[in-house]
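Listed below are the residues making up each chain.
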Amino acid sequence: MEIQFHPDERIWLDRVADSAQSLGLETYLVGGFVRDKILGRPTKDADFVCVGNALDLAQKVAEAYTPRPTVSLFKTFGTAHIQLKDGWDLEFVGARRESYQSDSRKPQVEPGTIQDDQQRRDLTINALAVSLDRDRFGVVIDPFDGLKDLAEKILRTPLPPDQTFIDDPLRMMRTIRFATQLGFTIEENTWNGICQNADRIRIISQERITEELNKILLAEKPSIGFDLLYRSGLLERIFPQLVALRGAENRDGHGHKDNFYHTLQVVDNLSQNTNDLWLRWAAVLHDIAKPQTKRYEEGHGWTFHGHEVVGGRMVPKIFTQLKLPLNEHMRFVKKLVELHLRPISLTKENITDSAVRRLLFEAGDDFDSLMILCEADITSKNKQKVNRYLSNFQLVRERCREVEEKDQVRNWQPPITGELIMSTFGLSPSKPVGIIKDALKDAMLDGIIPNTYEAAHAFMLLKGAELGLTAVSR
Ligand code: CTP
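Rules of the game
- Sequence order as written defines the numbering, with residues in each chain counted from 1.
- Restriction of local features to residues with pLDDT of at least 70 applies here, the model being predicted, together with a cutoff of 80 or more for giving and counting side-chain atom pairs; totals for whole chains, interfaces and linings are based on all residues.
- Calculation of side-chain values draws on the structure's entire complement of heavy atoms; hydrogens and water are dropped beforehand.
- Each residue gets one of three labels from its accessible area relative to the maximum for its type: buried under 20%, exposed over 50%, partly exposed in between, using a 1.4 Å probe on protein chains only.
- A run of DSSP states H or I qualifies as a helix once it reaches four residues; a run of E qualifies as a strand once it reaches two. Both are numbered from the N-terminal end.
- Only strands joined by at least two bridges in the DSSP assignment are considered to pair.
- Any residue with at least one heavy atom within 4 Å of a molecule or strand is counted as near it.
- Within 3.5 Å is the distance limit for a polar contact, defined as a pair of N or O atoms, with the added protein rule that one can donate a hydrogen and the other accept it, and that residues adjacent in sequence qualify only through two side-chain atoms.
- Here the open area of atoms and residues is found with the Shrake-Rupley method and a 1.4 Å probe, where only the protein chains shown may cover a residue.
- These domain limits were set by an automatic method or by a database of domain assignments.
- Salt bridges are identified by distance alone: a Lys or Arg side-chain nitrogen within 4 Å of an Asp or Glu carboxyl oxygen.
- By nonpolar core is meant a set of buried Ala, Val, Leu, Ile, Met, Phe, Trp, Tyr and Cys residues that side-chain atoms within 4.5 Å join together.
- When checking whether two residues touch, look at their non-hydrogen atoms; a contact exists if any pair is within 4.5 Å.
- Helix axes use the C-alpha atoms of the stretch in contact, all axes being lines fitted to C-alpha atoms, and the angles between their N-to-C directions lie in the range 0 to 180 degrees.
- In what follows, roughly perpendicular refers to angles from 65 to 115 degrees, roughly parallel to angles under 35, roughly antiparallel to angles over 145, and oblique to any angle outside these ranges.
- By the definition used in this description, the sense in which the near helix is turned from the far one sets the handedness, with an anticlockwise turn below a right angle giving left-handed and a clockwise turn giving right-handed.
- Amino acid classes used here: Ala, Val, Leu, Ile, Met, Phe, Trp, Tyr, Cys and Pro are nonpolar; Asp, Glu, Lys and Arg are charged; the rest, including Gly, are polar.

Student: Hey, could you go over the pairing of strand β5 (residues 89–94) for me, with residue numbers and the actual values?
Tutor: Put simply, side chains in a regular strand alternate between the two faces of the sheet. In terms of residue burial, β5 counts as a mostly covered element, since 5 of its 6 residues are buried. Sheet topology places strand β2 (residues 45–50) next to β5; 6 bridges connect them, and they run parallel. The partner of Asp45 across the bridge, within β5, is Asp89. Connecting the antiparallel pair strand β4 (residues 79–83) and β5 is a turn made up of 5 residues, with Gly87 showing a positive phi of about 95 degrees.

Student: Can you lay out unusual backbone geometry for me, pointing to particular residues and giving the numbers?
Tutor: Pro67 follows Thr66 through a cis peptide bond whose omega is -5 degrees. Assignment of secondary structure puts Pro67 in the loop between α3 (54–63) and β3 (71–74). Located in the positive-phi region is Asp145, a residue other than glycine, with phi close to 60 degrees. Mapped onto the elements, Asp145 comes out in the loop between β9 (140–141) and α5 (146–152). Although it is not a glycine, Lys323 adopts a positive phi angle of roughly 55 degrees. Along the chain, Lys323 turns up in the loop between α16 (307–321) and α17 (328–339).

Student: I'd love a proper account of the site of the ligand, names of residues and values included.
Tutor: Around the ligand sit 13 residues in total, of which Arg35, Arg121, Asp122, Asp168 and Arg177 are the nearest. Backbone polar atom of Gly32 to an oxygen atom of the ligand: 3.1 Å apart, as the coordinates give it. Coverage of the ligand by the protein chains reaches 73% of its 560 Å² of free accessible surface. When residues of the shell around the ligand are traced back to their parent elements, those giving at least two are α2 (32–39) and α7 (170–182). Residue contributions to the shell around the ligand peak at 4 residues, all from α7.

Student: I'd like to hear about the domain arrangement of the protein, residue by residue, with values.
Tutor: Annotation of the protein at the domain level lists domain 1 (1–152), domain 2 (341–410) and domain 3 (418–466). Inter-centroid distance (C-alpha atoms) of domain 1 to domain 3 is 67 Å.

Student: A description of the pattern of salt bridges should follow, citing residues and the corresponding values.
Tutor: Summed over the entire model, instances satisfying the criterion amount to 35 salt bridges. The partner of Arg342 in a salt bridge is Glu362, and the shortest N-O contact between them spans 3.1 Å. In this pair, Arg342 sits in helix α18 (residues 342–345) while Glu362 sits in helix α19 (residues 353–363), placing the two residues 20 residues apart along the sequence. When the shortest N-O distance is used, the salt bridge between Arg397 and Glu375 registers 3.0 Å. In this pair, Arg397 is assigned in helix α21 (residues 383–407) and Glu375 in helix α20 (residues 367–376), connecting sequence segments 22 residues apart. Through salt bridges with shared partners, one network takes in Asp353, Arg357, Arg399, Lys406 and Asp407.

Student: Can you tell me about the nonpolar core, naming the residues and giving the values?
Tutor: Core analysis: the largest hydrophobic core is formed by 130 residues, its most contacted members being Trp12, Phe48, Phe92, Phe239, Trp281, Leu285 and Val333. Ranked by the residues each element gives to this core, the list is headed by helix α14 (residues 277–285), at 8 residues. In contact with Phe92, other than residues within four places in its own chain, are Val16, Phe48, Ala54, Leu57, Ala58, Val61, Gly78, Thr79, Ala80 and Ile82. Tyr28, Ala95, Ile114 and Ala129 belong to the second largest nonpolar core, which has 8 residues in total.

Student: Give me the lowdown on the sheet that holds strand β8 (residues 129–131), citing residues and values where you can.
Tutor: Strand pairing in a sheet relies on backbone hydrogen bonds. The paired strands run either parallel or antiparallel. Strand order in the open sheet formed by 7 strands is β3-β4-β5-β2-β1-β8-β9, with mixed pairing between adjacent strands. Strands at the two margins of the open sheet, each flanked by one partner only, are β3 and β9. With respect to the sheet, helix α1 (residues 7–23) is in contact with β1 (27–30), β2 and β5, its orientation differing from that of β2 by roughly 15 degrees. Where α3 meets the sheet, it contacts β1, β2, β3, β4 and β5, and its direction lies at approximately 20 degrees from that of β4.

Student: Quick rundown of the packing of helix α13 (residues 259–271) against α20? Include the residues and the values.
Tutor: Running from N to C, α13 and α20 point in directions that differ by 130 degrees, and their axes come no closer than 8 Å. Considering the angle they form, α13 stands oblique to α20. Relative to α20, the crossing made by α13 is right-handed. For the pair formed by α13 and α20, the contact residues are Val266, Asn269 and Leu270 on the first element and Ile372, Leu373 and Ala376 on the second. Across the contact of α13 with α20, the residue classes break down as 5 nonpolar, 1 polar and no charged.

In structure tokens:
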């Protein structure tokens, strides 16, 4: 097979090919770029392998450009990297092979042929090499039938799976990630290799594991990956809290749903409506505290009271454990987990404006995300029920829109500041200031006073008098 390249790609490919020729280096385009090119997936990352010194090649390529782009050299690893102006990322490495010394079980890496390099890769579909030699430019070198596996949508290791996965256990997660992203099937031996080596994931850094988890979560149907992670035994090692949701208990004819598969369904539903990684994390974590809060109430059945509160508290811990950022993204996920039952309570009859205002105020700018999560949380198989719940949420959205238009509480900022309270009553920072601020907020949310400065000011004076304070300025 010979690959045809786009004219834009030819510009930098020809420069690499010419540089390689002038240095007399056998050079190949390898890895994900080749795979994605054949699959028709867009990519801007290109990896090159040359049989010889990759640092020399990268420098030579850079010289062909004016202005000369920066080359990042990683001498210890023998790799180099060039970022081109139009977004292309070129990575250069020398072909390598493993050599086993008789006195050590740990392999050493030393220069090798392109074949040696190909067999060190994770999957046959990632072990394709495209020659850049002038007399066979574009020809695919495929010693492991990667093209056949690409056509048949199969993920298979080039070497016996144990060897490939022991070399780098992250490859087990990569395989599952590719199964999720590409909708490919994992070949039986490869799958058994993952199941047998799952425990080795423990030697991989949390950052690399989480990067793969995020990629799985950002796929079109993340449930594929989470289910494979679960069935291979990887999930209980990297994210036991999610595995704890598995199972449906039945007592006296009262059952409850399997919260693991329910969660996966919610994630898939939600993923049809958003690509926001953090909203997807909120879906993964929305019921995370169900195992801790599960109770059986005689004659009534299973309850999970307070799982949204306990779940909210678990979010920072899980983010820490997974090395996800402890910043506004974490706070967003926590907030959504805490609030995920609230819109349901607004679908009941006789809901007051006050309840609507409280939710709008608490959700703020994340109100729409919260509604997307709640709608995804409907996983009934009964179409009529689904439609009824969805139209109830539609009513909640409308009611919230009306109240927001009238009262503007989503981004409510108190019209009376703490400073004003202090100067009015001659106070220094102290408890009464907080009491007045809270009372003002509640009065506005409960509709006791309108959302205006005048009303808030009058209310402040009243509340201060109630607390025995005297106004020193008005
Ligand atoms: N590779 C490997 N084992 C790994 C990581 C990478 O064998 N643990 C090899 C594969 O041949 C892969 C290539 O290095 O195709 C480039 O790796 P990388 O850029 O991380 O991944 P891609 O396959 O390009 O895919 P993606 O960008 O989606 O991660």
